[in-house]
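Commentary on secondary and tertiary structure
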Protein chains: 2
Amino acid sequence: MKLLKDKILYEGQGIGNSIVKVDNFLNHQIDVNLMEKIGEEFKERFKEEEVTKILTVEASGIAIAVTTSHFFGFPPVVYAKKATPSTMVEGFYSAKVKSFTKGTESEIRISKSYLSKEDKVLIIDDFLAHGEAAAGLISITEQAGAKVVGIGAVIEKSFQGGGTSLREKGYRVESLAMIGEIQDGIIKFL
Amino acid sequence: MKLLKDKILYEGQGIGNSIVKVDNFLNHQIDVNLMEKIGEEFKERFKEEEVTKILTVEASGIAIAVTTSHFFGFPPVVYAKKATPSTMVEGFYSAKVKSFTKGTESEIRISKSYLSKEDKVLIIDDFLAHGEAAAGLISITEQAGAKVVGIGAVIEKSFQGGGTSLREKGYRVESLAMIGEIQDGIIKFL
């Protein structure tokens, strides 16, 4: 998606050899017009799929999931909540998610009320890096007996392997910008 | 907004004398079609205002801020991040926000990059209860020298006084559903 790649090059910021900061339009300030074009693009990529739920993780996935829902004819968006692990798990599906950037592990949870075995789930997130968040959402979907019809990421950092690993497991992954390398802050697309 | 009030009555859940749970369409699962109608209604209520930024707090305000931005012609949405207080405050405007429901105090932050003194800010949030989150966003806006043109809440719990206090200070507050009382789980609108 050229518009997105241009936006990443002109307004994003590569840091070191692994981080790309897109606070200017995605992770803190949100360019809603761009989010709508992203939603339209996800619909185009997954147009043959029936989608009954869109799953994401708070907070940065919400804007994209919402604009994507519009183009699929308004399936409900369900966002997993982040919580520090606790014993209160009743009524929730949960999964542990490691954050390589922050060096932390958290638990994400979705209420059992909002996923059923009839659901066909599209997973949407801002980044696909090591694939931890996507794996957590897949686990939650499959705990509910529902089907993952696809995984859509705005930015994939292919050098961190998450996308490759998910594709090898047979999941359909669509990323709108694939970063092959970040070298001393210079972002190179595949 | 009748559609919203009906949704609260049929799908919301009053708990005790102060809590209304709307996880079914707003705070966990999101009814995007309803969010778009809410965005359109905020535009109608604030139509004479020039809005250059829409401010909200992660996570539950994001969906509403995004759909509202659409109807205002895409001003950027900026969402305040919640963080535990730390010494790292450089480059951020911040405000302390008490949560009466959770009994905690957190700090919300917005990068100085995304607010300037020229900005005309519409504050959007899911709930207006004691008014702590709105007061925090007002403080951040005014720290930047920007102007608050209005505060839009989806649900106001008028008995908790936040809306009254903000109106008395001269802010324009628009709430789409005003709850006057919750009594043993029964929700009564004003």
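See the structure above.
All values derive from a computational prediction rather than experimental measurement. Counting from 1, residues in each chain are numbered in the order their sequence is written. The naming scheme follows written order: chains are lettered A onward, ligands numbered 1 onward. Confidence filtering applies because this is a predicted model: local features only for residues at pLDDT of at least 70, side-chain atom pairs given and counted only at 80 or more, and all residues used for totals across whole chains, interfaces and linings. Calculated side-chain values reflect all of the structure's heavy atoms, with hydrogen atoms and water omitted.

**Observations regarding unusual backbone geometry**
Residue and element names in this part refer to chain A. Of note, the bond from Glu 58 into Ala 59 is cis; its omega dihedral lies within 30 degrees of zero at -5°. Here Ala 59 shows up in the loop between β4 (53-57) and α4 (62-71). Unusually for a residue other than glycine, Phe 74 sits at a positive phi of about 70°. Examined against the element boundaries, Phe 74 turns out to sit in the loop between α4 and β5 (77-83). Look at Asp 184: it is not a glycine, yet its phi comes out positive at around 45°. Mapped onto the elements of the fold, Asp 184 is located in the loop between β10 (173-183) and β11 (186-189). Helix and strand assignments follow DSSP, with helices taken as H or I runs no shorter than four residues and strands as E runs no shorter than two, numbered in order from the N terminus.

**A word on helix α4 (residues 62-71) of chain B**
For every residue, the accessible area (1.4 Å probe, protein chains only) is compared with the maximum for its type, and the residue is labelled buried under 20%, exposed over 50%, or partly exposed between those bounds. When you tally the buried positions in α4 of chain B, you get eight out of 10 residues, the bulk of the element. Listed in full, the buried residues belonging to α4 of chain B are Ile 62, Ala 63, Ile 64, Ala 65, Val 66, Thr 67, Thr 68 and Ser 69 of chain B.

**Overview of the interface of chain B and chain A**
Contacts between residues were defined by any pair of non-hydrogen atoms, one from each residue, lying within 4.5 Å. Contacts between the two partners involve 30 residues from chain B and, on the opposite side, 30 residues from chain A. What counts as buried area is the accessible surface, traced by a 1.4 Å probe, that two parts surrender upon association, with contributions from both included. In total, about 2,600 Å² of surface goes out of reach between chain B and chain A, with carbon and sulfur atoms giving 63% of it. Polar contact criterion, stated in full: a pair of N or O atoms within 3.5 Å, where within protein one must be able to donate a hydrogen and the other to accept it, and residues adjacent in sequence count only if both atoms are side-chain atoms. Seen at the junction of chain B and chain A, the total is 16 residue pairs in polar contact (both at pLDDT 80 or more). Among the secondary structure elements, those contributing two or more residues to the side of chain B that touches chain A are α2 (23-27), β3 (29-30), α3 (32-45), α4, β5 (77-83) and β7 (104-111) of chain B. All residues other than Ala, Val, Leu, Ile, Met, Phe, Trp, Tyr, Cys, Pro, Asp, Glu, Lys and Arg, Gly among them, are scored as polar; the first ten of these are nonpolar and the last four charged. Partitioning the side of chain B that touches chain A into residue classes produces 14 nonpolar, 10 polar and six charged. Sheet topology note: the β5 of chain A/β3 of chain B ladder contains two bridges and is antiparallel. Within β3 of chain B, the residue paired with Val 77 of chain A across the bridge is Ile 30 of chain B. The rule for pairing is simple: two strands pair if DSSP sees at least two bridges between them.

**Re the relation of the copies chain B and chain A**
A least-squares fit on C-alpha atoms brings the copies together, and the residues used are those whose pLDDT is at least 70 in both copies. For the pair chain B and chain A, the relating rotation is 180°, the translation along its axis is 0.0 Å, and the fit reaches an RMSD of 0.0 Å. Taken together, these values place the two copies in the relation of a two-fold axis. Closest approach to the rotation axis among the C-alpha atoms of chain B is made by Ala 59 of chain B, whose C-alpha sits 2.5 Å away. Most of the interface of chain B is mirrored in chain A: 100% of its interface residues are interface residues there too.

**Examining the packing of helix α3 (residues 32-45) of chain A against α4 of chain A**
All names here are of chain A. Contact geometry for α3 and α4: axes closest at 8 Å, N-to-C directions at 55°. Between α3 and α4, the angle is such that the two are oblique. Where α3 crosses over α4, the two elements pack in a sense that is right-handed. On α4, the residues that touch Met 35, Glu 36, Ile 38, Gly 39, Glu 40, Phe 42 and Lys 43 of α3 are Ala 63, Ile 64, Thr 67, Thr 68 and Phe 71. Looking at side-chain class alone, the contact of α3 with α4 contains six nonpolar, three polar and three charged residues. To define axes, lines are fitted to C-alpha atoms, for helices over the stretch in contact only, and angles between the resulting N-to-C directions are given on a 0 to 180 degree scale. Oblique is the label for any angle not covered by the other classes, which are roughly parallel (under 35 degrees), roughly antiparallel (over 145) and roughly perpendicular (65 to 115). It is the rotation of the near helix from the far one that decides the hand of a crossing: anticlockwise by less than a right angle makes it left-handed, clockwise makes it right-handed.

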